[in-house]
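# Reading the structure
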Amino acid sequence: MSLSRHIDPDEVIQKSKDHPQTGHRLSHEGRAVHQSWSRDEDAAGVPKYRMPDVGIPSKAAYQLLHDETALDGNPLLNLASFVHTWMPDEATKLIMENINKNQVDLDEYPAATMIHNRCVSMGEFIPLYISHRWNLIDHQIIIPHPQSHQRPVASLWKAPTASTNAIGTSTAGSSEAIMLAGLALKKRWQNARRAADKPSSNPNIVFGSNAQVALEKFARYFDVECRLVPVKASNNYVMDPKDALAFIDENTIGVMVILGSTYTGHFENVKEMSELRALRFFSHAASGGFIAPFAYPSLQWSFDVPRVVSINTSGHKFGLVYAGIGWVIWRDEQYLSKDLVFELRE
Ligand SMILES: Cc1ncc(COP(=O)(O)O)c(C=O)c1O
């Protein structure tokens, strides 16, 4: 546990002030000021929860925040958050050189955008290499569709070729990807219900109770009833597709199938789920998306399972990448409602 969790610096100072022998001699009172930091008189007494009346030198501000964040845990020793924490110096330098760019402003920073697209395209060669090694896919399959920026990752996940147009985007991580994939499921279900003149106000989503909190957040943020399938020891504490059946009905927008479970890393059974029930599935491969294709090439969990309409993964769970980067890909653009797509025109 990080120091900041179990040590309250204000409390420590307060106790030392009250101490009969070693009474602290700070002149200022109150817990709402930075009284723990008095090495530099410029920063001593700076309020914590309101703007100070006068500013302090940047050096003092740096030191104050530096000291406070030093109470966090050590990321290099933290395996629990599934985030890789090291990059070579050159990568860190490059990040710092570009950190002042507003990367979402595509007009102002087209070079960065082009590099982003090139990086995505470069992924094309990775599946090519893999396909050679494990005979997974034919060359033709991995040639990116000219319109489809995420074709390479789509190939890694065995997206079908010519007849479909896989589409996707990078995200800040799996959490954002879940929101987008869930929304796409919801919109598609709503559109289908409206077209059939059926009520579309009570959507629900089904996933195992082992789900990471981001999946539940999707349900809460976007007014979708969250149906949690209890997990059991006999199924390695992940969702058993047979148990999930009882939670699915005509208002189910889809099932989120997890690879791997946050707590144990176990993969849920995408293929079995798909065989049991004709429904749309989202393979939530937060940690498994870049592991399964390499470690278990014959496992059917991705777009080779026909009912899997979208897949996501976190880039930052694998290595040499700082948080946060993720990806979400749809098997075909028909599964991504037009309402969710923005086209920038020159
Ligand atoms: C199964 C699962 N889903 C979602 C997440 C959240 O991922 P991110 O940090 O990329 O948003 C995690 C993180 O551990 C996870 O294990």
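Residues numbered from 1 in each chain as written. Predicted model: local features only at pLDDT ≥ 70, side-chain atom pairs only at ≥ 80, totals over all residues.

## What to know about the overall build of the chain
A tally of regular secondary structure across the chain gives 13 helices and seven strands. Here the analysis covers contacts within the chain between residues at least 6 apart in sequence; of these, 58% occur between residues at least 24 apart. (Helix = DSSP H or I, 4+ residues; strand = E, 2+ residues; numbered from the N terminus. Contact = placed C-beta atoms within 7 Å.)

## Brief notes about the UniProt feature "modified residue: N6-(pyridoxal phosphate)lysine" (unreviewed entry) in the chain
Within the UniProt annotation, "modified residue: N6-(pyridoxal phosphate)lysine" (unreviewed entry) is assigned to Lys 317. Residue placement: Lys 317 occurs in the loop between strand 6 (308-314) and strand 7 (326-330). Its 24 C-beta neighbours within 10 Å are what place Lys 317 among the buried residues. When residues no more than four places from it in sequence are discounted, the contact partners of Lys 317 are Phe 82, Val 83, His 84, Ala 286 and Ser 287. (UniProt positions renumbered as here; feature names shortened; annotations may be inferred. Buried ≥ 20, exposed ≤ 12 C-beta atoms within 10 Å, placed from the backbone.)

## With respect to the pairing of strand 7
With respect to burial, strand 7 is a largely interior element, five of its five residues being buried. On strand 7, burial covers both faces: Gly 326, Val 328 and Trp 330 on one face and Trp 327 and Ile 329 on the other are all buried. Across five bridges, the pairing between strand 1 (residues 167-171) and strand 7 is antiparallel. Within the sheet, the bridge partner assigned to Thr 169 lies in strand 7 and is Val 328. Sheet topology places strand 6 next to strand 7; five bridges connect them, and they run antiparallel. Its bridge partner being in strand 7, Ser 310 is matched across the sheet by Trp 330. (Pairing = 2+ DSSP bridges.)

## Notes on the site of the ligand
The local shell around the ligand consists of Phe 82, Gly 173, Ser 174, Ser 175, Gln 212, Ala 214, Ile 258, Thr 262, Ala 286, Ser 287, Ser 314 and Gly 326. In the shell around the ligand, the residues fall into four nonpolar, eight polar and no charged. (Near = placed C-beta within 6 Å. Nonpolar A, V, L, I, M, F, W, Y, C, P; charged D, E, K, R; others polar.)

## Some points on the packing of helix 9 (residues 174-195) against helix 10 (residues 213-221)
Their axes nearest at 9 Å, the elements helix 9 and helix 10 cross at an angle of 40 degrees. The angle between helix 9 and helix 10 places the two elements in the oblique class. The hand of the helix 9/helix 10 crossing is right-handed. In this structure, helix 9 contributes Ser 174, Ser 175, Ile 178, Met 179 and Gly 182 to the contact, and helix 10 contributes Ala 214, Leu 215, Phe 218 and Tyr 221. Of the residues in the contact of helix 9 with helix 10, the class split is six nonpolar, three polar and no charged. (Axes fitted to C-alpha atoms, helices over the stretch in contact; angles between N-to-C directions. Parallel < 35°, antiparallel > 145°, perpendicular 65-115°, else oblique. Left-handed = near helix turned anticlockwise from the far one by under 90°.)

## Quick look at the nonpolar core
Core analysis: the largest hydrophobic core is formed by 48 residues, its most contacted members being Ala 181, Phe 207, Val 255, Met 256 and Phe 281. Counting residues per element, this core draws most heavily on helix 9, at seven residues. (Core = buried A, V, L, I, M, F, W, Y, C linked by C-beta atoms within 7 Å.)

## So, the pairing of strand 4 (residues 252-258)
When you tally the buried positions in strand 4, you get seven out of seven residues, the bulk of the element. Of the strand pairs in this sheet, strand 2 (residues 204-208) and strand 4 are connected by three bridges, and their pairing is parallel. Each bridged residue has a counterpart across the sheet, and for Asn 204 the counterpart in strand 4 is Thr 252. Across four bridges, strand 4 lies against strand 5 (residues 281-284) in parallel orientation. Considered in strand 5, the bridge of Val 257 is made with Ser 283. Of the crossover connections in this fold, the one passing from strand 4 over helix 12 (residues 270-276) to the parallel strand 5 is right-handed. (Right-handed = clockwise from strand over helix to strand, strands pointing away.)

## Observations concerning helix 10
Taken as a whole, helix 10 has its buried residues at Leu 215, Phe 218 and Ala 219. The buried residues of helix 10 occupy one face: seen down the axis, they fall within an arc of 95 degrees. Facing away from the buried side of helix 10, by more than 90 degrees, are the exposed residues Val 213, Arg 220 and Tyr 221. Looking at the buried positions of helix 10, the neighbouring elements they touch are helix 9, strand 2, strand 3 (225-229), strand 4 and strand 5. One or two residues past the end of helix 10 sits Asp 223, with phi positive at roughly 55 degrees. (Arc of directions from axis to C-beta.)

## Things to note about the sheet that holds strand 1
Sheet architecture is open: seven strands sit in the order 1-7-6-5-4-2-3, paired in mixed fashion. Because the sheet does not close on itself, it has two edges, and the strands there are strand 1 and strand 3. Averaged over neighbouring strand pairs, the angle between their axes works out to 20 degrees when direction is ignored.

## Quick look at the environment of Glu 333
Along the chain, Glu 333 turns up in the segment after strand 7. In this structure the C-alpha to C-alpha distance between Glu 333 and Gly 168, which are 165 residues apart in sequence, comes to 8.5 Å. Those residues in contact with Glu 333, other than ones at most four positions away along the chain, are Asn 165 and Ile 167.

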